[in-house]
Amino acid sequence: MSMELGPTGRPMPVFPDPQPRDPSKPATIIALCNQKGGVGKTTTTINLGAALVETGRKVLLVDFDPQGSLTVGLGVNAHDLDQSIYHVLMDREISIKDLIMSTTVEGLDLVPSNIDLSAAEMQLVTEVGREQVLARVLKPIRHDYDVILIDCQPSLGLLTVNALTAANGVLIPLECEYFALRGVALLKDTIEKVRDRTNDELQIIGLLGTMYDSRTLHGKEVLQTLVQGWGDLVFHTVIRRTVKFSDSTVAGEPITEYATSSPGAESYRQLAREVLVRCPDA
């Protein structure tokens with residue numbers, strides 16, 4: 001029996017239904033990272049988080065971008081926050097537990113962010129152990145969740161290095177167009193430096209093709225080039241372009257809730273299963 005070829009040109013495996021995880025293990029922390037903006041990082045953080053909740057996981061989303069897109073995408077007004085992730089990073093008296101908000105999805109929680117976070121990069125420069133601040137902040141809640149997803153800002157600065165230092169793995173969303181390929185080598189260098197200096201357990205979980213348009217040859221070629229360069233690190237799951245993603249963001253809820261039987265929602269459910277295959281502890 002020949003397997004059907006997926007959009008990446010490889011046979012599409014069948015991903016098993018997730019098994020319950022060992023609750024005594026600390027949460028698996030995944031940073032969603034790409035220094036190029038507009039590649040679907042926030043969309044992926046929200047929808048992967050919601051799809052993981054459907055597998056029985058308890059998930060925390062950490063908005064680590066001063067733009068606060070993740071916070072806004074879950075229906076929270078970023079300007080009205082009294083406290084955000086910035087305050088926990090800067091003030092040891094404040095616990096991250098005081099900041100955690102529930103979302104419209106049961107089992108999916110949020111640590112919000114807003115423009116205040118942009119000041120953290122400057123202020124952390126003089127701190128001792130400045131790369132480890134986020135890891136320290138997350139430590140008290142590692143046993144309260146199964147998976148923690150960190151939505152990084154589109155840069156390779158100190159905030160992103162903090163996220164990579166705190167994480168077990170990196171998921172790299174990439175728009176299916178040629179310019180997207182150029183930045184990945186730079187990101188790989190940063191990941192390798194972090195692995196050398198502050199987090200030797202950091203792994204690349206995978207590269208995720210986003211905003212894919214199957215009608216164009218261009219998108220297919222980009223995916224093929226990605227697979228040639230990165231092999232099995234490229235996820236079999238590919239996220240296609242659809243207006244439903246922006247509609248669900250406006251509604252302030254994940255696509256798995258907003259358009260539950262849409263192809264976009266199904267893609268993220270498949271991605272959740274594939275991530276769990278690649279992260280056995282999650």
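Residues numbered from 1 in each chain as written. Predicted model: local features only at pLDDT ≥ 70, side-chain atom pairs only at ≥ 80, totals over all residues. Heavy atoms only, no water.

Looking at an unreviewed UniProt entry, one finds the chain named AAA family ATPase and attributed to Aeromicrobium yanjiei. Under Function (unreviewed entry), UniProt gives the following word-for-word description of the chain: "May play a role in septum formation." (UniProt positions renumbered as here; feature names shortened; annotations may be inferred.)

A. Just the packing of helix H1 (residues 41-54) against helix H11 (residues 263-278), in detail. Taken N-terminus to C-terminus, the directions of H1 and H11 make an angle of 75°; their axes are 8 Å apart at the nearest point. Considered as vectors, H1 and H11 are oriented roughly perpendicular to each other. Counted together, Thr-43, Thr-44, Asn-47, Leu-48, Ala-51, Leu-52 and Glu-54 of H1 and Tyr-268, Arg-269, Leu-271, Ala-272, Val-275 and Leu-276 of H11 form the full contact between these two elements. Tallied by class, the residues present in the contact of H1 with H11 amount to 8 nonpolar, 3 polar and 2 charged. (Axes fitted to C-alpha atoms, helices over the stretch in contact; angles between N-to-C directions. Helix = DSSP H or I, 4+ residues; strand = E, 2+ residues; numbered from the N terminus. Parallel < 35°, antiparallel > 145°, perpendicular 65-115°, else oblique. Contact = heavy atoms within 4.5 Å. Nonpolar A, V, L, I, M, F, W, Y, C, P; charged D, E, K, R; others polar.)

B. Spatial organisation of the sheet that holds strand E4 (residues 108-111). Ordered by their spatial adjacency, 8 strands build an open sheet running E3-E4-E2-E5-E1-E6-E7-E8, and the pairing between neighbours is mixed. Of all strands in the sheet, those with a lone pairing partner are strand E3 (101-102) and strand E8 (234-240), marking the two edges. As defined by bridge partners, strand E1 (residues 28-32) adjoins strand E6 (residues 169-175) across 3 bridges and the pair is classed as parallel. Bridged to Ile-30 within E6 is Gly-169. Helix H8 (residues 217-230) contacts E6, strand E7 (203-212) and E8 of the sheet and is inclined by roughly 170° relative to E7. (Pairing = 2+ DSSP bridges.)

C. Region of interest: the packing of helix H6 (residues 158-166) against helix H7 (residues 178-197). With their axes 10 Å apart at the nearest point, H6 and H7 run at an angle of 55° to one another. What the angle tells us is that H6 and H7 run oblique. The way H6 lies across H7 gives a crossing that is right-handed. Of the residues in H7, those touching H6 at Val-161, Leu-164 and Thr-165 are Thr-190, Ile-191 and Val-194. Among the residues making up the contact of H6 with H7, the classes are represented as 4 nonpolar, 2 polar and no charged. (Left-handed = near helix turned anticlockwise from the far one by under 90°.)

D. Expanded view of H8. With 14 residues, H8 should cover 20 Å at 1.5 Å per step; its first-to-last C-alpha distance of 20 Å lies within 8% of that length. Gly-231 sits one or two residues past H8 and shows a positive phi near 60°. (Expected span 1.5 Å × (residues − 1).)

E. Broad picture of the nonpolar core. Phe-64, Ile-85, Leu-89, Leu-134, Leu-138 and Ile-150 are the most contacted members of the largest nonpolar core, which has 49 residues in total. No other element matches H6, which puts 6 residues into this core. Leave out the neighbours within four places in its chain, and Ile-150 touches Ile-29, Ile-30, Ala-31, Leu-32, Val-62, Phe-64, Leu-134, Leu-138 and Ala-163. Counting 35 residues, the second largest nonpolar core, distinct from the first, contains Leu-149, Phe-235, Tyr-268 and Cys-279. (Core = buried A, V, L, I, M, F, W, Y, C linked by side-chain atoms within 4.5 Å. Buried < 20%, exposed > 50% of the residue type's maximum accessible area, 1.4 Å probe, protein only.)

F. Spatial organisation of the pairing of E4. A two-sided burial pattern is seen for E4, the buried positions comprising Leu-108 and Leu-110 on one face and Asp-109 and Val-111 on the other. Bridge analysis of strand E2 (residues 59-64) against E4 gives 4 bridges, and the strand direction is parallel. Bridging across to E4, Leu-61 finds its partner in Leu-110. Two strands pair when backbone bridges link them, and E3 and E4 are joined in this way by 2 bridges, in the antiparallel orientation. Along E4, the bridge assignment pairs Ser-102 with Asp-109. Where E3 hands over to E4, the hairpin turn is made up of 5 residues, of which Gly-107 adopts a positive phi near 95°.

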